[in-house]
Amino acid sequence: MEKKLSAVVITLNEESHLARCLDSLKEVADEIVVVDSFSTDKTEVISNNYGAKFIQHPFEGHIEQKNFALAQATHHYVLSLDADEALSSELKNIILEIKKTFSEKAYSFPRHNFYCGKPVKHGGWYPDIKIRLWDKREGKWGGTNPHDKVVLNPGIKVRHVPHPILHYSVSSVEEHLAQVKKFSDIAAKEAVKKGKTSTLFHVIFSPLFKFIRDYFLKLGFLDGYHGLVISGISAHAKYLKYSKMRALKKNKS
């Protein structure tokens, strides 16, 4: 007998992405739960058009919001996507097969990232493997905001499925820079909260190491102009994080 599956998505002003995400879920999910942090655009209208259970909840962090969404799911097995993600057609077919037995408690997938509309295949952006389908009784969201990840109970076996989730990450360089500014604020605050320190060594050399790793060692240069831009902005993100950590520590003291 086929088991039921809940799909969960968190949102904030996602009208430009959400329809694509929900459209890819409607054939595989028995329930779609959208947890929204008070959008002011058409996010609610789009959710309702797809018959989703729409719940508004204050945003306290990516991990906290996703765990709240997890708790709203009716079924034990959950499929979690971000609003700017979608299932590939091949992956939809595989998930429909998986639903027949759910032979494992957790499943991971590669994530195919698109940057300014173009696929990125290097620089650490692929295969970008993520656990996104699992029995919610066997794991929850963890990690460090804003970089959440699924943390499973000890001993849980993960089956890897080679078909990708499609991730339409940013549509412009300006959007990427704005995202980095926002995420570096969150990351710096979380790091300081956990007692981590930032030295001048971190501020100067961490961005340099990040660029060398992504652009050269992880072959970011093979993605051409976009590979250079991504590696440069990723290095800039490191600089912002450690600089903001030092400023927060200084202000605190």
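See above for the structure.
The present account deals with the structure reproduced in this document. Predicted, not measured: the structure shown is a model, and the values here were computed from it. (Residues numbered from 1 in each chain as written. Predicted model: local features only at pLDDT ≥ 70, side-chain atom pairs only at ≥ 80, totals over all residues. Heavy atoms only, no water.)

Digging into the pattern of salt bridges
Phase 1: All told, the structure shown has 19 salt bridges when counted by the stated rule.
Phase 2: A salt bridge links Arg132 to Glu85; the nearest nitrogen and oxygen atoms lie 2.5 Å apart. Pair noted here: Arg132 is in strand β9 (residues 130-135) and Glu85 is in strand β5 (residues 85-87), with a separation of 47 residues, a long-range link.
Phase 3: The class of Arg132 is buried, set by a relative accessible area of 4%.
Phase 4: Between Asp128 and Arg111 there is a salt bridge, with its nearest N and O atoms 2.8 Å apart. With a gap of 17 residues between them, Asp128 in the loop between β8 (118-119) and β9 and Arg111 in strand β7 (residues 111-115) connect regions that are remote in the sequence.
Phase 5: Beyond isolated ion pairs, a larger network of salt bridges with shared partners links Lys66, Asp82, Glu85, Arg111, Asp128, Lys130, Arg132 and Asp148. (Salt bridge = Lys/Arg side-chain N within 4 Å of Asp/Glu carboxyl O. Helix = DSSP H or I, 4+ residues; strand = E, 2+ residues; numbered from the N terminus. Buried < 20%, exposed > 50% of the residue type's maximum accessible area, 1.4 Å probe, protein only.)

Some remarks on the environment of His163
Phase 1: Note on placement: His163 falls in the loop between β12 (158-160) and β13 (165-170).
Phase 2: His163 gets classed as partly exposed once you look at its relative accessible area, which sits at 27%.
Phase 3: Not counting residues up to four positions away in its chain, the partners in contact with His163 are Ser88, Glu90, Leu91, Ile94, Phe109 and Pro110. (Contact = heavy atoms within 4.5 Å.)

Some details on the side chain of Ser108
Phase 1: Take Ser108: it is sitting in strand β6 (residues 106-109).
Phase 2: Separated by 2.9 Å, the side chains of Ser108 and His160 make a polar contact.
Phase 3: Once residues within four sequence positions are removed from consideration, Ser108 is found in contact with Ile129, Lys130, Ile131, Val158, Arg159, His160 and Val161. (Polar contact = N/O pair within 3.5 Å; in protein donor to acceptor, adjacent residues only side chain to side chain.)

Structural notes on helix α4 (residues 89-98)
Phase 1: Along α4, the positions that sit buried rather than exposed are Leu91, Lys92, Ile95 and Ile98. Taken end-on, α4 shows its buried residues confined to a sector of 120 degrees, consistent with a single buried face. (Arc of directions from axis to C-beta.)

Description of the sheet that holds strand β2 (residues 31-36)
Phase 1: Pairing in this open sheet of 7 strands is mixed, and the strands run β3-β2-β1-β4-β9-β6-β12 from one edge to the other. Looking at which strands have only one partner, the edges of the open sheet turn out to be β3 (53-56) and β12. Between one strand axis and the next, the sheet turns by 25 degrees as a mean value, whatever way the strands run.
Phase 2: Looking at chain direction, β6 and β9 are connected through 4 bridges and run antiparallel. When the bridges of β9 are listed, Ser108 appears paired with Ile131. (Pairing = 2+ DSSP bridges. Axes fitted to C-alpha atoms, helices over the stretch in contact; angles between N-to-C directions.)

Quick look at helix α1 (residues 18-25)
Since one α-helical turn is 3.6 residues long, residues separated by three or four positions face the same way.
Phase 1: Within α1, burial applies to Leu18, Cys21, Leu22, Ser24 and Leu25. Down the axis of α1, the smallest arc covering the buried residues is 160 degrees, so these residues share one side.
Phase 2: Summarising the contacts, the buried residues of α1 are in contact with β1 (5-11), β2, α2 (43-49), β4 (77-80), β5 and α4.

Description of the sheet that holds β5
Phase 1: Ordered in space as β5-β13-β7-β8, the 4 strands form an open sheet in which the pairing is mixed. Two strands in the sheet have a free side with no partner beyond their single neighbour: β5 and β8.
Phase 2: Along the sheet, helix α5 (residues 173-193) contacts β7 and β13; its crossing angle with β13, the most-contacted strand, is approximately 90 degrees.

A few points about the pairing of β1
Phase 1: Burial runs high along β1: 7 of the 7 residues are buried.
Phase 2: Burial along β1 is two-sided: Leu5, Ala7, Val9 and Thr11 and Ser6, Val8 and Ile10, pointing in opposite directions, are all buried.
Phase 3: Sheet topology note: the β1/β4 ladder contains 4 bridges and is parallel. Across the sheet, the residue bridging to Leu5 is Tyr77, located in β4.
Phase 4: The sheet contact formed by β1 and β2 spans 6 bridges and is parallel. The residue bridging Ile10 from the neighbouring strand is Val35, located in β2.
Phase 5: Traced from β1 through α1 to β2, the parallel crossover comes out right-handed. (Right-handed = clockwise from strand over helix to strand, strands pointing away.)

Side note on unusual backbone geometry
Phase 1: A cis amide bond links Tyr126 with the next residue in sequence, Pro127, at an omega value of 10 degrees.
Phase 2: In this structure, Pro146 follows Asn145 across a cis peptide bond, with omega equal to 5 degrees.
Phase 3: Structurally, the position occupied by Pro146 is in the loop between β10 (139-144) and β11 (147-152).
Phase 4: Even without being glycine, Phe38 reaches a positive phi, approximately 65 degrees.
Phase 5: Along the chain, Phe38 turns up in the loop between β2 and α2.
Phase 6: Taking relative accessible area as the criterion, Phe38 reaches 44% and is therefore assigned partly exposed.
Phase 7: Even without being glycine, Asp128 reaches a positive phi, approximately 50 degrees.
Phase 8: When its relative accessible area of 18% is taken as the criterion, Asp128 is described as buried.

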